[in-house]
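Structural characterization, general
For reference, the chains in residue letters:
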Amino acid sequence: MLPKLDGLALIERMRKEKVNTPVIILSARDSIDDRVKGLQTGGDDYLTKPFAFSELLARVQALIRRAGGISEATQLNVGDLSINLLTREVTRGEED
């Protein structure tokens, strides 16, 4: 549900440009065909909604492990968005 470009097109563009950032697809589409298409397009994992936060966390940690032997992260940061994986606290800028 991204504006102007759907998620699969974005992943496909990333892969064509050799961007190897791990991608977990979170989607309400749960048919086998949708999951296969998401993975074949370049997604590294596919999780259908609704999902348990603990499962998402485990999948993120598994992708991080496979992405180059990096120790498991306890915090993720993108721009001014910060997610503490241990406390499950999320902040954007100065706002929780």
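Note that this is a predicted model, so its numbers are computed, not measured.

Here we look at the sheet that holds strand E4 (residues 81-84)
- Taken in spatial order, the 3 strands line up as E3-E4-E5 in an open sheet, and their pairing is antiparallel. Looking at the sheet topology across the chains shown, the edges are occupied by strand E3 (75-78) and strand E5 (89-92). Ignoring which end each strand starts from, the neighbouring axes of this sheet average 10 degrees apart.
- In this sheet, E4 lies alongside E3 in antiparallel orientation, the contact comprising 4 bridges. Each residue of the ladder has a partner; that of Gln75, found in E4, is Asn84.

Observations concerning the pairing of E4
- Hairpin connection from E3 to E4: 2 residues lie between these consecutive antiparallel strands, with Gly79 at a positive phi of about 60 degrees.
- Two elements, E4 and E5, share 4 bridges in a ladder whose sense is antiparallel. By the bridge assignment, Ser82 is partnered in E5 with Thr91.
- If you look at the hairpin formed by E4 and E5, you'll find 4 residues sitting between the two strands, and Arg88 has a positive phi there, around 65 degrees.

What counts and how
- Residues numbered from 1 in each chain as written.
- Predicted model: local features only at pLDDT ≥ 70, side-chain atom pairs only at ≥ 80, totals over all residues.
- Heavy atoms only, no water.
- Pairing = 2+ DSSP bridges.
- Helix = DSSP H or I, 4+ residues; strand = E, 2+ residues; numbered from the N terminus.
- Axes fitted to C-alpha atoms, helices over the stretch in contact; angles between N-to-C directions.

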